[in-house]
Amino acid sequence: MTFGTATGDGERGAGFRVDGTWVGAPVTRKEDPRLLTGGARFVDDIHLPRMLHAAFVRSTVASGHVTSVDLSRVLEVPGVVAAFTAEDLDLGDITPRLDRPPEEYTETSMPILARDRVRFVGEPVAVVLAEDPYAAEDGIEAADVTYDVTPPVLSEEQALAPEANAVHEQAPGNVLLDVSMFASDGIDDVFAEAPCVVQVHTRTGRQNALPLETRGVVAGWDSRAEQLLVQTCTQVPHQVRTVLAGSLGMAESTVRVLVPDMGGGFGIKCVVGREEIAVAAASIRVRRPVKWIEDRKDALSASFLAREQRYDARAAFDETGRILGLDVDVLCDMGAYSCYPFTVGIEPLMASSEMPGVYRVPAYRVRGRAIATNKAPTAPYRGVSRPQHVMVMERLVERAARELGLDPLEVRRRNLITVFPYTGVNNVTYDPGSYLESLNLCERVIADEGWYETRRAAADQGRVLGIGYSCFNERTGYGSDAFAKRKMQAVPGFDISEIRMDTAGAVVVTTGTMSHGQSHETTMAQIVADKLGLPLDKVKIQQGDTDRVAYGWGSFASRSITIGGTAVALAAGNLGGKLLDLGAHLLETPRDNVELGDEGVRQRDDPARGLSYRDIADVAYLKSHLLPKETEPGLQASASFDGVGDGTFSNASHGVVVELHRDTGRVEILRYVCVEDCGVAINPQVVDGQARGGIAQGIAGALFEKVTYDENGEPSAASFLDYKVPTACEIPDVGMHHIETPCLFTDNGAKGAGEGGTIGAPAAVLNAVNDALRPTGVELNDTPITPQQVFDALTGALEVAP
Amino acid sequence: MKPPPFTYHRARDVAGATDLVAELGEDAKFLAGGQSLIPMMNFRLARPEHLIDIGRLGELSFVDVGPESLRVGSLSTHRAVETADLGAGFEVVRDTMRWIGHLPIRTKGTVGGSLAHADATAEWCLLAVLLDADIVVAGAGGRRRTIAASEAFLGFYTTVLEEDELIVEVAFGRPAPHAAVTEFAERKGDFALVSAAVDLDVSSGTVSGGRVALGGVGPAVVRVPEAERVLHAGGRAGTDLFETCAQAAAQAVEPPGDDDAGTGYRKALVRNLVVRACEEAVAR
Amino acid sequence: MTEPDKVLLTLKVNDAVHEVAVEARRTLADTLRHDLELTGTHVACEHGVCGACTVLVDGDPARSCLMFAAQAEGSEIRTVESLAGDDGSLSDLQTAFSANHGLQCGFCTPGFLMLAEGFLAERPDADREEIREVVSSNLCRCTGYQTIVDSIQDCAERRRNAKEASA
């Protein structure tokens, strides 16, 4: 039998099983050969006959009324074929819904192309189709759009000002979501009587998830299939189908969404955008396929953004450092529109519900708000609020440790949840994790590597080193019950998998999740291969095709391996059951005397007696007259799975050593240690990769990346010169360590692993910087930290907070 | 982000290139490595109607090391200079190349292109100004002239070059064995926030003069006479002298600030980078 | 507005000679991808920062978004499609990327491969820090770079070992 694809001399990462199972083995990825050779197919690699190229005329003002749109000169540009306004295409809006009362939630809609109002610079106003993208861009320059400009709303202060302009008429105060939750009885008394109350005021910068592949679509009517074929890089193909069909007024059966290889997503592609719908509609109008590839300028300024939040948080502690209460006001700047299906509630609801995290918090109160501003809209981005609220929580703990003169790690230990399951004040039940163990191990690694001595020695030489930690959990595998608590009108959760075995004994398995770099073709194949005793090359995962996949919620919220992975395991198990039934019948032995083995069914009492899958498939398909009367021909099965209870919580602790450069204020990361627990790792190499990549994005948010605007709402970081994505010289190597607390309800004990890295990094980096700044008395709480802030802190130019 | 249309011309020789530019007028531009021009065209911030590709003018691609001088052809890439043996005394030129962008930029970007683009943080501008290089340019009708680097850079992306003039070489007249360039940028390969360059006259541990140039402190690269006066006054090559020099440099400039890096911070960077450059220069 | 000028070019790519008639403004990246159908070279920023479009021009890594196709005439261009063997077998560099999990979504990967291919040819003895500095030329959003550095270092070491063994 073959064991996957052997690589090199097999020292590292080669295809092999561990202890006879694929799960747990760092097999090389099935995706790799095509991605390494240029053989992959991304959206922009698709070329269809007679295909046109779209570009969007975009608003040049942040806020205003469209007074005229004149596209007549556009049509004179060589190569331009057509140009359409909102009026021309007459499409339905995208309206995300929450089932919350009007005092909590104001419903707003996002038009596909702006009609009367524009709400951010970059908002699409018209679409131009041309023979090539160069001509399309020439075309949009020839458009003549006039605006009646109104003062833009660009900040919390402007949005909440009494006389503020309304971004949406329905929300005169610009608050689209306002929830107050959990207010524990007597919480004001807790704070009044507590011996120690600490506060943290934080602002976090607006960020771009920034997959290297921008958004894009190729849409065209397939007259043979009598379907609109929409090939697009989305994490949620079925949701794109639903919204697109609705907007165009088509039956869902007449739309097929097909996802090619995807160059990353990180959340930005798990909402339904307007451009893909406009392009689809335009392609129908001109009866030709149309491609749209977002360029980087638009991706940086007019796509979906995230993370701009402000926290006013305070926590009460007793003298020993035990948390007595937590009181938080979080305000999220969601930009101009609510995203489908998550709504503007995505960030404030996540923060409100998850804030207490790994700690036992006896009293809790939170107010979460989403405000509308004249900036590009927001979407989920890896970690969703947790990078921010974990940072706030970890800063609160550190502040308390300082106030009380305690070791910040000891304060954490005194508060960590150690007995599971634990139901928190936030009404969330946490399944078992290794909160304390991971923190202890993380500290031990940092200590064993000698960083505490290094910090001391460096201080003697006048160098400025700091060590910081973060400790957090991450809810993964949300089921529909857990999502329903958010009161979304479209409730994600379950996944369906269908599996069929062919006449040669190989299987094709569908998943409703949608890999965009996370290696599902490999990891899910590992799961199925184990279930059926198959080699990896006989398992093919199928995803991202609304015609082939029954239904799916796609990939987000670290749900794929927990929900989708369990669904494929159950489907494979069901197929295994059929194979056992048939095998027993054909072997003429009782059902309980057969088991699945290497690519076949064998007899327990006589392992030499057995049938290969090929033999069984031969009967199931080619000699079905030999089947028992009640047995259907063919070898197929399906299963669905939904998350259980409140989902499953992965956890991790991060430890960071930084050096602050006295002469420039640069923050250099000297060491990064991550101790993670995502339950059973299906493929440890993939888990490490997810953690390291996530940490890089977290560091980016802590130290580098910020979407900025000028006073008119014009984006001022619309190139990679100003939006500072860190390179290999800024991102350190990460020492990975693992603890395994299996999930009790997923098929193989796996928990989600997609987002943790990003969640833990800002807190740990910030704590390390503040540890280094300890002698100055300055504490920095806003991200990204700039070199100037550090420099000013080191030189005494920054005021020390009272 | 596709560039606007233009007419492409390929030059066969320097005379042809300069004559053609003269004929086409202000809508024509030379295209060398394109590493600054093409991004601006892709953003449609530059829209020349004619591009004259000088990429094939092999005679402009040379690195000529003499006993007391260094001549670099304008079409030499940064990478070619980085990997060339420049001889004793010109190590600073070679070592400065690593500050220019990243490897794949240095393999295409050219010396002449960088000088002509005249970014306020451009390393070639900094070197030329620091070391009093001569910039040799050719113009239409076979004109040639030599421009002192100190007079070449007028301001924001502006030089004294006439529209028809093409830089053909930059010449460094005397070795600078104790020179160094250093920079600070938030990310590897970025344009510097501030860059500092010094060339010290030093023997037996005593400084008797020197030159100081800065990038990123104004619309163009500048020399700092106030700091050079400190060096000319002389003294022991050490922290005291360097800090006095650096302080003078910081006081002499008024870099424009922004939200993330204010004037005061940039002045502090000037001070600290000049000290660092002095230390590196004297250690050479 | 008049029709943009077209130029007739002869391009040598991966040892094959192609004739194309393209607008003068067409970048080498777009010409490779859409005229020669070599879609392995990716485009992700079009201003020379991300490096996804990196190809070899006369052996040197270069941004194909910052070159007009017309400038490439007379040069030898190599793209990611040239790395694997004729039978599809992965090169040692590609194998090292797979073995070290040096790629996730794979969109930036061809750029890193060509960057490393050009760099290692010139600097076969590069150490980890040199490799890291060169890796900083391109952006990756998935891996955190560590395994890309690992992959290139692994490949360099294997090449050195193979050379020693054969010496």
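By convention here, each chain's residues receive numbers from 1 onward along its written sequence. The order in which chains are written sets their letters, starting at A; the order in which ligands are written sets their numbers, starting at 1. The predicted origin of the model limits local features to residues at a pLDDT of at least 70 and limits the giving and counting of side-chain atom pairs to 80 or more, whereas totals for whole chains, interfaces and linings rest on all residues. Hydrogens and waters are ignored; side-chain quantities use all the structure's heavy atoms.

- If you look chain B up in an unreviewed UniProt entry, it shows as Carbon-monoxide dehydrogenase medium subunit from Prauserella sediminis.

- In the annotation of an unreviewed UniProt entry, chain A is listed under the name Xanthine dehydrogenase family protein molybdopterin-binding subunit and assigned to Prauserella salsuginis.

## Quick notes on the overall build of chain A
Line of reasoning, step 1. Along its length, chain A carries 20 helices and 28 strands.
Line of reasoning, step 2. When we talk radius of gyration, it's over C-alpha atoms, and the globule rule is simply 2.2 Å times the number of residues to the 0.38. The C-alpha radius of gyration of chain A comes to 28 Å, within 12% of the 28 Å expected for a compact globule of 802 residues.
Line of reasoning, step 3. Seen through its C-alpha atoms, chain A measures out along the principal axes to roughly 85 × 70 × 55 Å.
Line of reasoning, step 4. Per-residue burial over chain A gives 67% buried out of 802 residues.
Line of reasoning, step 5. Of all intrachain contacts in chain A linking residues separated by at least 6 positions in sequence, the fraction that spans at least 24 positions is 78%.
Line of reasoning, step 6. Only carbon and sulfur atoms are counted for the fraction: they give 48% of the accessible area of chain A, which is about 26400 Å². Under the DSSP-based scheme used, a helix requires at least four consecutive residues in state H or I and a strand at least two consecutive residues in state E, with every element numbered from the N terminus. When a residue's accessible area, from a 1.4 Å probe over protein chains only, is under 20% of the maximum for its type it is buried; when over 50% it is exposed; and in between it is partly exposed. We call two residues in contact when some of their heavy atoms are within 4.5 Å. Here the accessible surface of atoms and residues is derived via Shrake-Rupley with a 1.4 Å probe, and residues count as covered only by protein chains that are part of the display.

## Some details on the nonpolar core
Residue and element names in this part refer to chain A.
Line of reasoning, step 1. In these notes, a set of buried Ala, Val, Leu, Ile, Met, Phe, Trp, Tyr and Cys residues joined through side-chain atoms within 4.5 Å is what counts as a nonpolar core. Of all hydrophobic cores here, the largest spans 220 residues; its most connected members are L129, L660, Y672 and I699.
Line of reasoning, step 2. Here the element with the most residues in this core is helix α19 (residues 756–772); it accounts for nine residues.
Line of reasoning, step 3. Membership of the second largest hydrophobic core comes to 44 residues, among which are V507, M524, A525 and I527.

## Quick word on the pairing of strand β1 (residues 6–13) of chain C
All names here are of chain C.
Line of reasoning, step 1. Residues of β1 alternate between two faces, with V7, L9, L11 and V13 buried on one and K6, L8, T10 and K12 left unburied on the opposite face.
Line of reasoning, step 2. In short, DSSP must find at least two bridges between two strands for them to pair. Pairing of β1 with strand β2 (residues 16–23), which is carried by eight bridges, proceeds in the antiparallel orientation. Paired with L9 across the bridge in β2 is V20.
Line of reasoning, step 3. Pairing between β1 and strand β5 (residues 76–78): two bridges, direction parallel. Counted as the bridge partner of K12 is E76 from β5.

## Looking at the sheet that holds strand β6 (residues 134–138) of chain B
Residue and element names in this part refer to chain B.
Line of reasoning, step 1. Spatially, five strands are ordered β4-β5-β10-β6-β7 in an open sheet, and the strand pairing comes out antiparallel. Pairing within the sheet leaves two strands with one partner each, and these edge strands are β4 (63–65) and β7 (144–148). Between one strand axis and the next, the sheet turns by 20 degrees as a mean value, whatever way the strands run. Note on definitions: angles span 0 to 180 degrees between N-to-C directions of axes, and those axes are lines fitted to C-alpha atoms, for helices only across the stretch in contact.

## A word on the pattern of salt bridges
Residues and elements named next belong to chain A.
Line of reasoning, step 1. Salt bridges are identified by distance alone: a Lys or Arg side-chain nitrogen within 4 Å of an Asp or Glu carboxyl oxygen. This model, assessed by the stated rule, comprises 101 salt bridges over all chains.
Line of reasoning, step 2. Between K297 and D298 there is a salt bridge, and its shortest N-O distance comes to 3.9 Å.
Line of reasoning, step 3. Residue D298 is classed as buried on the basis of its relative accessible area of 12%.
Line of reasoning, step 4. A network of salt bridges, in which partner residues are shared, links R58, R215, E275, E276, E294, K297 and D298.

## As for a negative patch on the surface
Residues and elements named next belong to chain B.
Line of reasoning, step 1. Together, E26, D27, E49, E162 and E163 make up a negatively charged patch on the protein surface.
Line of reasoning, step 2. Following the sequence through the fold, D27 ends up in the loop between α1 (14–24) and β2 (28–31).
Line of reasoning, step 3. Judged by relative accessible area, D27 falls into the partly exposed class, the value being 35%. Patch definition: residues with relative accessible area over 30% and no salt bridge; like charges joined within 9 Å; nonpolar side chains (Val, Leu, Ile, Met, Phe, Trp, Tyr) joined within 5 Å. Think of it this way: Lys and Arg go in the positive column, Asp and Glu in the negative one, and His and the chain ends go nowhere. The atoms used to mark charge sites are NZ of Lys, CZ of Arg, CG of Asp and CD of Glu.

## What about the domain arrangement of chain B?
Residue and element names in this part refer to chain B.
Line of reasoning, step 1. For the purposes of this description, domain bounds are those given by an automatic or database domain assignment. Assigned domains of chain B: these are domain 1 (7–53), domain 2 (58–172) and domain 3 (179–283).
Line of reasoning, step 2. Each of domain 2 and domain 3 has a C-alpha centre, and the two are 21 Å apart.
Line of reasoning, step 3. Each partner contributes residues to the interface: domain 2 has 22 residues there, and domain 3 has 26 residues.
Line of reasoning, step 4. Put simply, buried area is the surface a 1.4 Å probe can reach on two separate parts but cannot reach once they are joined, added for both. Buried area between domain 2 and domain 3, summed over both chains or domains, comes out near 1900 Å², and the portion from carbon and sulfur atoms is 63%.
Line of reasoning, step 5. The largest share of the area that domain 2 buries against domain 3 comes from W99, L126 and L130, three residues that together contribute 35% of it.
Line of reasoning, step 6. Across the contact surface, domain 2 and domain 3 share two salt bridges.
Line of reasoning, step 7. The salt bridge partner of R211 is D132, with a shortest N-O separation of 2.8 Å.
Line of reasoning, step 8. Two N or O atoms form a polar contact when they lie within 3.5 Å of each other; inside protein one atom must be a possible hydrogen donor and the other a possible acceptor, and for residues adjacent in sequence the pair counts only when both atoms belong to side chains. At the surface where domain 2 touches domain 3, the tally comes to ten residue pairs in polar contact (both at pLDDT 80 or more).
Line of reasoning, step 9. For the side of domain 2 that touches domain 3, the secondary-structure elements that each account for two or more residues are α4 (91–96), α7 (123–130) and β8 (153–155).

## Things to note about the environment of A213 of chain B
Residues and elements named next belong to chain B.
Line of reasoning, step 1. By the element assignment, A213 lies in strand β13 (residues 206–215).
Line of reasoning, step 2. The class for A213 is buried, based on a relative accessible area of 0%.
Line of reasoning, step 3. Measuring from C-alpha to C-alpha, the distance between A213 and A128 comes to 9.6 Å, with 85 residues separating the pair along the chain.
Line of reasoning, step 4. The residues contacting A213, other than those within four sequence positions of it, are L126, V129, L130, S195, A196, A197, V222 and R223.

## Re the UniProt feature "domain: FAD-binding PCMH-type" (unreviewed entry) in chain B
Line of reasoning, step 1. Those residues carrying the UniProt feature "domain: FAD-binding PCMH-type" (unreviewed entry) are residues 1–177 of chain B in this numbering.
Line of reasoning, step 2. Regarding residues 1–177 of chain B, the helix share stands at 27% and the strand share at 23%, and the terminal C-alpha atoms are separated by 45 Å. UniProt positions are given in the numbering used here, feature names are shortened, and annotations may be inferred rather than shown by experiment.

## Focus: the packing of aromatic side chains
Residues and elements named next belong to chain A.
Line of reasoning, step 1. Stacked, tilted and edge-to-face are the three classes applied to pairs of Phe, Tyr and Trp rings, where Trp contributes its six-membered ring and a pair requires centres within 6.5 Å; stacked means planes under 30 degrees apart, edge-to-face means over 60, and tilted covers the rest. Counted according to the given criterion, the structure contains 18 aromatic pairs over all chains.
Line of reasoning, step 2. A ring pair is formed by Y430 and F649, whose centres lie 4.6 Å apart and whose planes are at 45 degrees; its orientation type is tilted. Here Y430, found in strand β17 (residues 429–430), pairs with F649, found in strand β26 (residues 648–660); they are 219 residues apart in sequence, far enough to count as distant. Neither Y430 nor F649 differs from the other in exposure class; each is buried.
Line of reasoning, step 3. An aromatic cluster of at least three residues, connected via ring pairs, comprises F342, Y478, F483 and F556.
Line of reasoning, step 4. Note that R314 overlies the ring of F191, its terminal NZ or CZ placed 4.0 Å from the centroid.
Line of reasoning, step 5. Sitting over the ring of F556, R559 keeps its end group 5.6 Å from the ring centre. A ring is considered to have a charge above it if a Lys NZ or an Arg CZ atom is located within 6 Å of its centre and within 35 degrees of its normal.

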